[in-house]
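# Structural features, examined
What follows is the residue order along each chain.
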Amino acid sequence: MAPRGRDSDNEYDGSPGPRERRRHRDSSRRDWDRNRDREREHRHSRRKSTSNNAYASGTSEGASGSGSGSGSTPSAPLSMDALARLNQENMRRYSSTNAAQQSPRERQESPAHRERRERRRERSRGENYDKRESRGYYTDRSRDRDLEDDEDGDDMEDERDRVARAKRREMARIKRERAAAAAAAAVLVEKEREREREEYRQRHMRKERSSRSRDYGAVEGDYYDEDEDDEDWRRREKRKSRRMSESRDNPKKGRVVSGAILEEGRSPGGQKVRPVYGLRGGVGTDGTSSYDSWEKEKDELAAAQEQSGTKWWKRKKLLILLGIGLVILIIIIAVAVVVSNNNKGGDSGPTNTDKNDLSNDGLGSISPSSIPADAPNWLNPFKWADTTDFNLTYTDETVGDLPIMGLHTSWDDSAAPNDRVPPLNKPWGDYTKRPARGVNVGGWLSLEPFITPSLFAYPSRLGIIDEYTLCKYLGERCEQVLEKHYSTFVTESTFREIAEAGLDHVRIPFSYWAVQTYDTDPYLFRTSWRYLLRAIEWARKYGLRINLDPHGLPGSQNGWNHSGRQGEINWLKGPDGSTNAQRSLEMHDRLSKFFSQPRYRNIITHYGLANEPKMTSIPPESVIDWTRTAHDLVRKNGIKDATVVFGDGFRGLGNWQGDLTGYANMALDVHQYLIFNTNQIVFNHSEKIRYACQGWTDQIHLSMNTDTGYGPTLIAEWSQADTDCAKHLTNVGWGNRWTGTLVTGDPDTEITTPRCPTMDRRCDCIAANAPVENWSDEYKRFLRMFAEAQMSSFEKSWGWFYWVWDTEDAPQWSYKKGLAAGVLPAKTWEREFDCNLADIPSFEGLPEYY
């Protein structure tokens, strides 16, 4: 195929297209100039030959009239002079034409620069032209057009050069301006530094002058005033400058002499000698010597210091008087406090007690003198943080070696929590037909970190993980901290609200230090006993029956933080296991004697022996034998009507079949939680509800049947929590099963893989611990259905007790917060779900990982 712009005969058939013209615009001008010059010379020579016929000589051939048929005669050869003139004229015309075609930049540039630029152009054009010629591209006309385009390209190149030079000039100007600004800034910085150095020199000079003047003032024994001394120094310097000026104007007036004349104090020829101040020796003609000047300066400075000292003495006297007045005021206050405390029989109580939260009502009705001076704190109401509803009449009477101080002599058992249950002074009846519906006031008299995390808000390095380490750390302040907690966490309104919720029983956990402490126990002794007695009286007021729960025994029966001390079990096992088991029996001996009084016969319906003894670590036979002994003891001491409760010990309900038989009115205490079981926490929402309705109901039926289990069973702890994410729930700093962060230090109990239903990295505790306001309607629906399923199931036993009434920051564990959120029925009998399995939804829109 022939190239575009050429045909097969190499004849021009039209100009090349725009693309070809742009692609070949860089053709060589060197050859084009050469060809152009040749054509011009040829045309010029033809014109000259035509116009110079006068110079030509005729020939015979021309004379005969033969020719080309043009009718012209051939021209004669030019002479040498004519040829020279012709060449000069052509050169002149060519030079003028080139000058007219030059750009302004070309006319202004130097010949050397123009020569270099032309060489670059010729070299580039020659290379490009050779490339085009080698491809057979050019014809005469297309070559001419490309050469014209090259001229246009040269103009564009000149414009680019001009713009580049302008940019370079602008950058150079900017650099010069920046350099000038930097230099000016440097000058300013240097001036500022010089000013700072001058200020430093001035301060240094003033300090030296002050030091010298202080030394002199010390000799005189007067107070030194630096400001006045500076003023005096300026006056002396001014006088000195004036004298030096006068000396320059009149050298003879005050010439300074030296040598022997100066030492002798005379001047030559009776010449007046200016006294030289500050030098030893030297006397002027006026009789003044340097010594006199020294004395004069000293007198002046002493006078200034005397005036300053007078001012200081006035200020000093005022300060002394104020100090004496302050000391007298402090003494008066201290004496008043001591007298007041002596009148009250001791100090006024914890210093950190908030008087707005606590009440000391009734103290005005008793005389401080009625309290013996040696009365212990638990018998001295003037040392109690809260005296609300206590009988403040002093008594040291005890029952079972436990004080009755604070109890009123009369009581009323006629109240009932609601119209569905009998009042206290009427028999409850059969618990299988009317199961208990109760709640725990946990985390109150026995601390539990997840219920009140604020009490354990200490750096982890301190190791404060339970009540033992807390009181050991606080020392004497433990009484102040815990009594404020006792006084505020549970109040009378607590029991009123419990009754209003349709509940009829209250389980009150407490620990052995309410009765007795041993050895080096750091626990707060006996204070919680008074609050336990008042809580029973408040429950009586609202018709609520009581389940006594010894939550912590000496040595710890399970090694968990809510037993008082986390760690080793030292009850029925360990070096002090037998001793602590005996101490626990002694505790029950005193408790059972106290609560066998007639005032407690109607209200104490459940008497617990030990909360959650860990029978997976303690030999079951040891626990069963201890339980049998404790049962016999409390029955012997008068606990006849109350149900004696003992813990299942996580032994398995079927394993209790045939044990502790033959005892009347004794019940097995079971605690049901899905979240503490590694294989059950993975249940999704629907499975949790179904298991509560089926799995736990089946277990209750098994346990309630003496052929397959123990017999009488009650559920003393449960909640609607569906994760173990609550802070400190699994112990302080241990993590949780939900996200696979449960680090216990024991490989057999650690859970390091997520156990939420999805069992992957999506398992999250942040959303699980979200406040109630963030709960979705679907999640609230699940929580209520889960709670009502458990209520329905557990009422197949002797009843249930929700764990716990209130918490600081775990709403799924708080009955009070659940009521407010609408995830618990307003009344225990007003339920929407009664374990109809067909009504359990799939909860497809509810995430299973939170």
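Quick caveat, the model's predicted, so the values are computed rather than measured. (Residues numbered from 1 in each chain as written. Predicted model: local features only at pLDDT ≥ 70, side-chain atom pairs only at ≥ 80, totals over all residues. Heavy atoms only, no water.)

## A short note on the overall build of the chain
Operational definition: Strands here mean DSSP runs of E at least two residues long; helices mean DSSP runs of H or I at least four residues long; both are numbered from the N terminus. Only protein chains enter the area calculation, which uses a 1.4 Å probe; residues under 20% of their type maximum are buried, those over 50% are exposed, and those in between are partly exposed. Only heavy atoms matter for contacts: two residues are in contact if any of them lie within 4.5 Å across the pair. Surface exposure here means Shrake-Rupley accessible area, sampled with a 1.4 Å probe, where a residue is shielded only by the protein chains that are shown.
When you go through the chain residue by residue, the secondary structure sums to 19 helices and 10 strands. Residues counted as buried form 43% of the 850 residues belonging to the chain. A separation of at least 24 residues holds for 70% of the contacts in the chain among residues at least 6 apart in sequence. Carbon and sulfur atoms form 50% of the exposed surface of the chain, whose accessible area is close to 45500 Å².

## Quick notes on the state of the cysteines
Stated precisely, the cut-off is as follows: Any two cysteine sulfur atoms lying within 2.5 Å of each other are counted as a disulfide.
Applying the stated criterion across every chain yields a total of 4 disulfides. One disulfide bridge connects Cys 471 with Cys 478, the sulfur atoms lying 2.2 Å from each other. Residue Cys 471 is classed as buried on the basis of its relative accessible area of 2%. Here Cys 756 pairs with Cys 763 through a disulfide, and the sulfurs are 1.8 Å apart. The sign of the -65 degrees torsion about the S-S bond sets the Cys 756-Cys 763 disulfide as left-handed.

## Considering the packing of helix H12 (residues 477–489) against helix H14 (residues 527–541)
Keep this limit in mind: Think of each axis as a best-fit line through the C-alpha atoms, taken over the contacting stretch in the case of a helix, with angles from 0 to 180 degrees between the N-to-C directions. Small angles under 35 degrees read as roughly parallel and large ones over 145 as roughly antiparallel, with 65 to 115 read as roughly perpendicular and the rest as oblique. In this count, Pro and Cys sit with the nonpolar residues alongside Ala, Val, Leu, Ile, Met, Phe, Trp and Tyr, while Asp, Glu, Lys and Arg are called charged and the others, Gly among them, polar.
Running from N to C, H12 and H14 point in directions that differ by 5 degrees, and their axes come no closer than 10 Å. The angle between H12 and H14 places the two elements in the roughly parallel class. Residues Glu 483, Tyr 486 and Ser 487 of H12 lie in contact with H14, whose contacting residues are Thr 527, Ser 528, Arg 530 and Tyr 531. Considered class by class, the residues forming the contact of H12 with H14 number 2 nonpolar, 3 polar and 2 charged.

## Topic: the packing of aromatic side chains
Put simply, the test is: Each pair of aromatic rings taken from Phe, Tyr and Trp, with Trp reduced to its six-membered ring, is defined by centres within 6.5 Å and is described as stacked if the planes are under 30 degrees apart, edge-to-face if over 60, and tilted in the remaining cases. By definition here, charges over rings are those cases where NZ of Lys or CZ of Arg is within 6 Å of the ring centre and within 35 degrees of the ring normal.
Summed over the entire model, instances satisfying the criterion amount to 40 aromatic pairs. Measuring from ring centre to ring centre gives 6.1 Å for Trp 805 and Tyr 815, while their planes differ by 20 degrees; the resulting arrangement is stacked. Placement of Trp 805 in the loop between strand E10 (799–802) and helix H19 (815–821) and of Tyr 815 in helix H19 is noted, with a sequence separation of 10 residues between them. Aromatic rings pair up to connect Phe 683, Tyr 691, Trp 696, Trp 718, Phe 794, Trp 800, Tyr 802, Trp 805 and Tyr 815 into one cluster. Over the face of the ring belonging to Trp 384 we find Arg 530, whose NZ or CZ atom lies 4.2 Å from the ring centre. A cation over a ring is seen here: Arg 599 above Tyr 600, with NZ or CZ 5.9 Å from the ring centre.

## A short note on the environment of Glu 832
Mapped onto the fold, Glu 832 is located in the segment after H19. Glu 832 sits 44 residues away from Glu 788 along the chain, and the two C-alpha atoms are 7.7 Å apart. Residues in contact with Glu 832, not counting those within four places in the same chain, are Arg 784 and Glu 788.

## Considerations on the pairing of strand E9 (residues 713–717)
The two faces of a sheet get side chains in turn, since along a regular strand they alternate between them. Filter applied, for reference: Strand pairing is assigned whenever DSSP identifies at least 2 bridges connecting the two strands. A clockwise course of the path from the first strand over the helix to the second, judged with the strands pointing away from the viewer, identifies a crossover as right-handed.
In terms of burial, E9 is a largely internal element, 5 of the 5 residues being buried. Pairing geometry for strand E8 (residues 666–671) and E9, over 4 bridges, is parallel. Its bridge partner being in E9, His 671 is matched across the sheet by Glu 717. In this fold, E8 hands off to helix H17 (residues 685–704), which returns the chain to E9; that crossover is right-handed.

## Remarks on the confidence of the model for the chain
Let me state the cut-off plainly: The predictor attaches a confidence to each residue, called pLDDT, with possible values from 0 through 100.
Summarising the model, the chain shows a mean pLDDT of 79, and 66% of its residues fall at 70 or more. Per-residue pLDDT stays below 50 along residues 1–14; that stretch engages in 12 contacts with residues further than four places along the chain or on separate chains. pLDDT under 50 marks residues 50–75. Its contacts with residues more than four places away, or in other chains, come to 11 contacts.

## Considering the environment of Thr 807
Mapped onto the elements, Thr 807 comes out in the loop between E10 and H19. Among the residues examined, Thr 807 registers a relative accessible area of 3% and is labelled buried. In the structure, Thr 807 is positioned 366 residues away from Val 441 in sequence and 9.6 Å away in space, judged by C-alpha atoms. Setting aside its immediate chain neighbours within four residues, Thr 807 contacts Ile 451, Trp 813, Ser 814 and Lys 817.

## Some thoughts on the packing of helix H11 (residues 467–474) against H12
Contact geometry of H11 with H12 gives a least axis separation of 7 Å together with a crossing angle of 130 degrees. As summarised for this structure, H11 and H12 are arranged oblique, according to the angle between their axes. Residue-level contacts link Glu 467, Leu 470, Cys 471, Tyr 473 and Leu 474 of H11 to Arg 477, Cys 478, Val 481, Leu 482 and Tyr 486 of H12.

## Quick look at the pattern of salt bridges
Condition: By convention in these notes, a salt bridge is any Lys or Arg side-chain nitrogen within 4 Å of a carboxyl oxygen on Asp or Glu.
A full pass over the atoms with the stated rule returns 26 salt bridges. A salt bridge links Asp 386 to Arg 534, with the shortest nitrogen-to-oxygen separation between them at 3.2 Å. You can see Asp 386 sitting in the loop between helix H10 (290–344) and strand E1 (398–399) and its partner Arg 534 sitting in helix H14, a full 148 residues away along the chain. What makes Arg 534 buried here is its relative accessible area of 3%. Here Asp 401 ties to Arg 590 by a salt bridge, and the two come within 3.2 Å at their closest N and O atoms. One end of the pair, Asp 401, is in the loop between E1 and strand E2 (402–403); the other, Arg 590, is in helix H15 (residues 577–595), and 189 residues separate them in sequence. Judged by its relative accessible area of 49%, Asp 401 falls in the partly exposed class.

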